[in-house]
Amino acid sequence: MKNVFKTYPNGVGAIYDLDLNIEKGDFVFIIGGSGSGKSTLIKMLYREEKPSRGEIIVGGVNVAKLRNSKVYKLRRKLGVVFQDYKLLPKLTVYENVAFALEVTGADNKTIRKRVVSVLDKVGLKDKIKEYPDKLSGGEQQRVAIARAIVNNPKILICDEPTGNLDPKISMEIMEILESVNKDGTTILMVTHDINIVEKFKKRVIALKDGRLVKNYERGYFKREDL
Ligand code: ADP
């Protein structure tokens, strides 16, 4: 991101003059108080919002300039995980994950293999036929992660993925995310949970009032600084 500004149509400024470079394979926490611009920042990466000014390159694609008709190509390079899981309630675990692959036109055999493999990775192979409302919050989030990674995305964007989960389950989710990162996927994770930020020593970016105010390299984060 280079020289990025975002002002919403109602005149509210959300991001000011943001410069940020995230390397392939990195794991980055994005922290900051409510209204500091975290969601706006990540929404611009998957083109839910467009910057008002500046350049945003994601995996070689200038997303600020990308035509609406090409946004689907960007989305295939990305996986997104939300705080509230956003699973489809009328589909089974298998179908929720398979759906993300079906839209890419993959054949049934490939879909079956991939879906079983990612559900195994998140430890949910035995819940394949369940519906989301039969699962705990942690299990639902694991399904959401499986769905987000089933396309083998280059980047996984997580918006408060542990926001609704207790500390023990949050740790399990973090271990899955670390393992996805070890497989080579770049991870950006918005979080409020300073305990997680402290425990998992990653790069940390702090926003305040739409500006990047702190940028800690891996292992240098200090809670006292905030
Ligand atoms: P955070 O995720 O850190 O809570 P946001 O990116 O959601 O912050 O919000 C940053 C600022 O932009 C806030 O002042 C918020 O009210 C404003 N904002 C966010 N979304 C919109 C929108 N769709 N329209 C107008 N203002 C918005």
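Preceding block: the structure.
Residues numbered from 1 in each chain as written. Predicted model: local features only at pLDDT ≥ 70, side-chain atom pairs only at ≥ 80, totals over all residues. Heavy atoms only, no water.

Participant: Sorry, what's going on with the overall build of the protein here?
Facilitator: Looking only at helices and strands, the protein features seven helices and eleven strands. For 226 residues, the compact-globule formula gives about 17 Å, and the C-alpha radius of gyration of the protein, at 18 Å, lands near that figure. Reported as C-alpha extents along the three principal axes, the dimensions of the protein are approximately 45 × 40 × 30 Å. Across the 226 residues of the protein, 47% fall into the buried class. Sequence-distant contacts in the protein: of pairs separated by 6 or more residues, those separated by 24 or more amount to 67%. Surface summary for the protein: the accessible area is close to 11,800 Å², and the carbon and sulfur share equals 48%. For the protein, the centre of its 41 positive side-chain charges and the centre of its 29 negative side-chain charges are spaced 6 Å apart. (Helix = DSSP H or I, 4+ residues; strand = E, 2+ residues; numbered from the N terminus. Rg over C-alpha atoms; globule rule 2.2 N^0.38 Å. Buried < 20%, exposed > 50% of the residue type's maximum accessible area, 1.4 Å probe, protein only. Contact = heavy atoms within 4.5 Å. Areas by Shrake-Rupley, 256 points an atom, 1.4 Å probe, with all protein chains shown as cover. Lys, Arg positive; Asp, Glu negative; His and termini not counted. Charge placed at Lys NZ, Arg CZ, Asp CG, Glu CD.)

Participant: Looking at this model, I keep getting lost on the site of the ligand. Mind explaining?
Facilitator: Close contacts around the ligand come from Y8, N10, V12, A14, G33, S34, G35, S36, G37, K38, S39 and T40, and that covers them all. Interatomic distance of 3.5 Å between a side-chain N/O atom of Y8 and a nitrogen atom of the ligand. Between T40 and the ligand, the recorded distance is 2.5 Å, taken from a side-chain N or O atom to an oxygen atom. Against a free-state accessible area of 560 Å², the protein chains account for coverage of 65% of the ligand. In terms of residue count, helix α1 (residues 38-45) provides more of the shell around the ligand than any other element does, three residues in total. Residue composition of the shell around the ligand, grouped by class: three nonpolar, eight polar and one charged. (Near = heavy atom within 4 Å. Polar contact = N/O pair within 3.5 Å; in protein donor to acceptor, adjacent residues only side chain to side chain. Nonpolar A, V, L, I, M, F, W, Y, C, P; charged D, E, K, R; others polar.)

Participant: When you look at the packing of aromatic side chains in this model, what are you seeing that I'm missing?
Facilitator: Two aromatic rings are characterised by how far apart their centres lie and by the angle between their planes. Using the criterion set out here, one finds two aromatic pairs in the structure. With centroids separated by 5.3 Å and ring planes inclined at 75°, the aromatic side chains of Y216 and F221 adopt a geometry described as edge-to-face. The two residues Y216 and F221 agree in class, both being buried. The ring of F5 has R53 lying over it, and the distance from NZ or CZ to the ring centre is 4.3 Å. (Phe/Tyr/Trp six-rings, centres within 6.5 Å; stacked < 30°, edge-to-face > 60°. Lys NZ or Arg CZ within 6 Å of the ring centre and 35° of its normal.)

Participant: Would you mind going over the sheet that holds strand β2 (residues 13-18) with me for this structure?
Facilitator: Pairing between the strands of a sheet is mediated by backbone hydrogen bonds and can be parallel or antiparallel. Taking strand neighbours across the sheet as the criterion, the three strands line up as β2-β1-β4 in an open arrangement whose pairing is antiparallel. Of all the strands in the sheet, just β2 and β4 (53-55) have a single pairing partner and so form its edges. Adjacent strand axes in the sheet meet at a mean angle of 25°, parallel and antiparallel pairs treated alike. Examined bridge by bridge, strand β1 (residues 2-7) and β4 share two bridges and lie antiparallel to one another. Directly across from F5, in β4, lies its bridge partner R53. (Pairing = 2+ DSSP bridges. Axes fitted to C-alpha atoms, helices over the stretch in contact; angles between N-to-C directions.)

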